[in-house]
Amino acid sequence: MTLGDNGNAVIFKMEEKSKRLPDFLQTVNFKYVKLGYHYLITHLFTLILIPIFILLIAEAMRINSTDVYELWHHYLSYNPASFLTSGVCIVMGLTIYIMSWPRSVYLVEYACYRPPSRFQVSTHQYLERCQGYGDLDESLMEFQRKIVKRSGLGDETSFPETFHNPPSKPTNTMALSREETEQVMFGALDILFSTASVKPKDIGILVVNSSLFNPTPSLSAVIVNKYKLRSNIKSFNLGGMGCSAGVISVDLAKDLLQVHRNTYAIVVSTENITHGSYYGRNKSMMLPNCLFRVGGAAMLLSNKSKDKRLAKYKLVHVVRTHHGSDDKAFKCVYQDQDEAGKLGVSLSKDVMATAGSALKINITTLGPLVLPISEQLLFLATLVIKKLFNPKVKPYTPDFKLAFEHFCIHAGGRGVIDEMQRNLDLLPIHVEASRSTLHRFGNTSSSSIWYELAYIEAKGRMRKNDRVWQIALGSGFKCNSAVWVALKNVKPSTNKCCPWRDCIDRYPVQTFAKQ
């Protein structure tokens, strides 16, 4: 081919390309089509009302003051009784309607316990400690190495002080268990009372949850005694409800705040590692040892209208799903004794499938409350098509990223977070708080969602009107959701209230950034 021929070939190719549509028109990004559809449906009611409103204004401008006077004068002259009756009924109806409104519940402040640095244990130290007990063979040690390696935990998670004692000393006595729980609860509450402008005597409601450790007197009584709370306080102690108990406690506090006016409620969520540790040879019972770490949180809730300007968040929805009627779900997280009589909590192979099923039921209930109408219509359309026309059509998975700016997924383990990200089609940034919390603090049970919220704040990402979805999974089997809306821009905290104050710049760590 000569140069001239080559030039003609190039020109021919250019002409051929010019006859085709531009690439960006040929490959229309469905994301933007869907976004446009979402905005259209969301504002459809407003778009319909605007022309109607304009017509009403135009019609009203044609009426003069004389017409208004004549209408008003004749109505009062001929129907004074009906006018007064209507007025009284309207006032009474409005009064009853306003009084029946549910009271707003505000999250004034919260605090997460940060264990002392001397409690930190690396994965290598943890495995060395397990080896020190002497009754674990190489296969059991290899099993734990694999679990720890894949868990997503870092080298700064914390065990209670008893972990550092020689193996020959008792490690799970009642006294040591009390000591751990008191350190966590009092540590979080001390920070909460020092940062919030509320005195212990102002608290009217107290809800404490700890799944495994429930001594007598109760943990709620321990807090009443420590802080000398008032004698008529409504106190509750929740046990055996697993990692989702934090949302359950918030829900209970919310219901109590609907009944008791003008008061504060404190919710304390924790778990006890000393009492819950397993010292046997059953692999399914070893899993909690590899994942659970020391942690706890205390939350101050209020139903006082004056606290709206001080509070960080407003509680919008709580949706609870209980899957306990299914036998497999009921047994998938189960406390029992092994063959040697040693107490532990076993995690069955059905736990992930059960979690997925419970999550599906939960988001089906939550969806209509939070999703824009555009997503609900898409879901309904695919459901109708599947039922009536084509059973092979996959059900539409709603895009919860349109309903929430932030996600706090219980940091139960790397697999749990991975599955939640995949099922909800979330971006890496949406699960960053969960992965970082798991890496830095481990699975802190019911309090993990609060470490995650603190992470989002520490990153400076929380803006006024942002919506937060806290999702927790727990034994029973339960999946619970709490929805909050930010009442103001939450600035990163530098005081001791923030558990991330001296390590936030290191996150997300590189291993999570790649996922």
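Residues numbered from 1 in each chain as written. Predicted model: local features only at pLDDT ≥ 70, side-chain atom pairs only at ≥ 80, totals over all residues. Heavy atoms only, no water.

**Overview of the overall build of the chain**
When helices and strands are tallied, the chain shows 20 helices and eleven strands. Within the span of the chain, comprising 515 residues, buried residues form 45% of the whole. Restricting the contact set of the chain to residue pairs at least 6 apart, pairs at least 24 apart contribute 79%. Carbon and sulfur atoms form 60% of the exposed surface of the chain, whose accessible area is close to 27400 Å². (Helix = DSSP H or I, 4+ residues; strand = E, 2+ residues; numbered from the N terminus. Buried < 20%, exposed > 50% of the residue type's maximum accessible area, 1.4 Å probe, protein only. Contact = heavy atoms within 4.5 Å. Areas by Shrake-Rupley, 256 points an atom, 1.4 Å probe, with all protein chains shown as cover.)

**Some points on the pairing of strand β10 (residues 467-474)**
Counting buried residues in β10 gives seven out of eight residues, a clear majority hidden from the surface. Bridge analysis of strand β9 (residues 406-409) against β10 gives four bridges, and the strand direction is parallel. Bridging from a neighbouring strand, I409 pairs with I471 of β10. Here eight bridges tie β10 to strand β11 (residues 478-486), and the two strands are oriented antiparallel to one another. Looking across to β11, one finds that R467 is bridged to V485. The hairpin formed by β10 and β11 contains three residues between the paired strands, and G476 there has a positive phi angle of roughly 135°. (Pairing = 2+ DSSP bridges.)

**Things to note about the packing of aromatic side chains**
As enumerated under the stated definition, the model contains 16 aromatic pairs in all. With a centroid separation of 6.1 Å and 70° between ring planes, the pair formed by F330 and Y334 is classed as edge-to-face. On the basis of an interplanar angle of 70° and a centroid distance of 6.0 Å, the ring pair of W450 and W484 is categorised as edge-to-face. On the criterion of sequence distance, the pair formed by W450 in helix α19 (residues 448-458) and W484 in strand β11 is long-range, its members being 34 residues apart. Summarising the burial analysis for this pair, W450 and W484 share the class buried. Ring pairs connect the aromatic residues F441, Y451, Y455, W500 and Y507, which therefore count as one cluster. Just above the ring of F186 sits the side chain of K226; from NZ or CZ to the centre is 5.2 Å. A cation over an aromatic ring shows up here: R293 above the ring of Y126, its NZ or CZ 5.4 Å from the ring centre. (Phe/Tyr/Trp six-rings, centres within 6.5 Å; stacked < 30°, edge-to-face > 60°. Lys NZ or Arg CZ within 6 Å of the ring centre and 35° of its normal.)

**Details of the packing of helix α7 (residues 123-132) against helix α8 (residues 138-151)**
Relative orientation of the contacting elements α7 and α8 amounts to 160°, with a least axis distance of 11 Å. In terms of orientation, α7 and α8 fall into the roughly antiparallel class. Relative to α8, the crossing made by α7 is right-handed. Contact residues: α7 offers T123, Y126, L127, C130 and Q131, while α8 offers M141, Q144, R145 and V148. Its residues placed into classes, the contact of α7 with α8 shows five nonpolar, three polar and one charged. (Axes fitted to C-alpha atoms, helices over the stretch in contact; angles between N-to-C directions. Parallel < 35°, antiparallel > 145°, perpendicular 65-115°, else oblique. Left-handed = near helix turned anticlockwise from the far one by under 90°. Nonpolar A, V, L, I, M, F, W, Y, C, P; charged D, E, K, R; others polar.)

**So, the pattern of salt bridges**
Scanning all chains against the criterion turns up 19 salt bridges. Each of the salt bridges in this network shares a partner with another, and the network as a whole consists of D251, K254, D255 and R320. (Salt bridge = Lys/Arg side-chain N within 4 Å of Asp/Glu carboxyl O.)

**Focus on the sheet that holds strand β6 (residues 313-322)**
Reading across the sheet, the nine strands line up as β3-β2-β4-β5-β1-β6-β11-β10-β9 and stay open at both edges, with mixed pairing between neighbours. The open sheet is flanked by β3 (234-238) and β9, the only strands paired with a single partner. Pairwise comparison of adjacent strand axes, ignoring direction, gives a mean angle of 20° for this sheet. Direction of pairing for β6 relative to β11: antiparallel, over a ladder of nine bridges. Among the inter-strand pairings, T321 is bridged to a residue of β11, identified as C479. Helix α15 (residues 351-370) contacts β6, β10 and β11 of the sheet and is inclined by roughly 135° relative to β6.

**Observations concerning a positive patch on the surface**
A contiguous patch of positive charge on the surface is contributed by K146, K149, R150 and K283. Looking at the positive patch, the element that brings in the most residues is α8, giving three residues. Using a relative accessible area of 59% as the deciding quantity, one classes R150 as exposed. (Patch = residues over 30% accessible without salt bridge, like charges linked within 9 Å, V, L, I, M, F, W, Y side chains within 5 Å. Lys, Arg positive; Asp, Glu negative; His and termini not counted. Charge placed at Lys NZ, Arg CZ, Asp CG, Glu CD.)

**Thoughts on a nonpolar patch on the surface**
On the surface, I373, L377, F379, L380, L383, V384, I385, L388 and F389 cluster together to form a nonpolar patch covering roughly 820 Å² of accessible area. Among the secondary structure elements, F389 is positioned in the loop between α16 (373-388) and β9. Judged by relative accessible area, which is 65%, F389 ranks as exposed.

**A closer look at unusual backbone geometry**
T216 connects to P217 through a cis peptide bond whose omega is -5°. Examined against the element boundaries, P217 turns out to sit in the loop between β2 (203-210) and α10 (219-227). Omega for the peptide link from G476 to F477 comes to 10°, which places this bond in the cis form. When you line up the elements, F477 lands in the loop between β10 and β11.

**Description of the pairing of strand β1 (residues 106-112)**
Extensive coverage of β1 is indicated by the burial of seven of its seven residues. As defined by bridge partners, β1 adjoins strand β5 (residues 296-302) across six bridges and the pair is classed as antiparallel. Its bridge partner being in β5, A111 is matched across the sheet by A298. Alignment of β1 against β6, held across two bridges, turns out to be antiparallel. Counterpart to Y106 in the pairing with β6 is K314.

**What to know about the confidence of the model for the chain**
Note that predicted coordinates carrying low pLDDT should not be read in detail. A residue-level look at the chain finds 84% of positions with pLDDT of 70 or above and a mean pLDDT of 85. Averaged pLDDT values over the elements of the chain bottom out at 35 in helix α2 (residues 23-26) and peak at 98 in strand β4 (residues 264-270). This stretch, residues 1-30, has a pLDDT under 50; its non-local contacts, to residues over four places away or in other chains, come to four contacts. (pLDDT = per-residue confidence, 0-100.)

**Concerning the side chain of K478**
Along the chain, K478 falls in strand β11. Buried charged residue K478 carries no salt bridge. Nearest counter-charge: E271, at 11 Å. In terms of polar contacts, K478 uses its side chain to reach the backbone carbonyl oxygen of M241, at 3.4 Å. In terms of polar contacts, K478 uses its side chain to reach the backbone carbonyl oxygen of S475, at 2.3 Å. (Polar contact = N/O pair within 3.5 Å; in protein donor to acceptor, adjacent residues only side chain to side chain.)

**Quick notes on the environment of C408**
Tracing the backbone shows C408 in strand β9. Considering only alpha carbons, one finds C408 and S481, 73 residues apart in sequence, at a separation of 9.8 Å.

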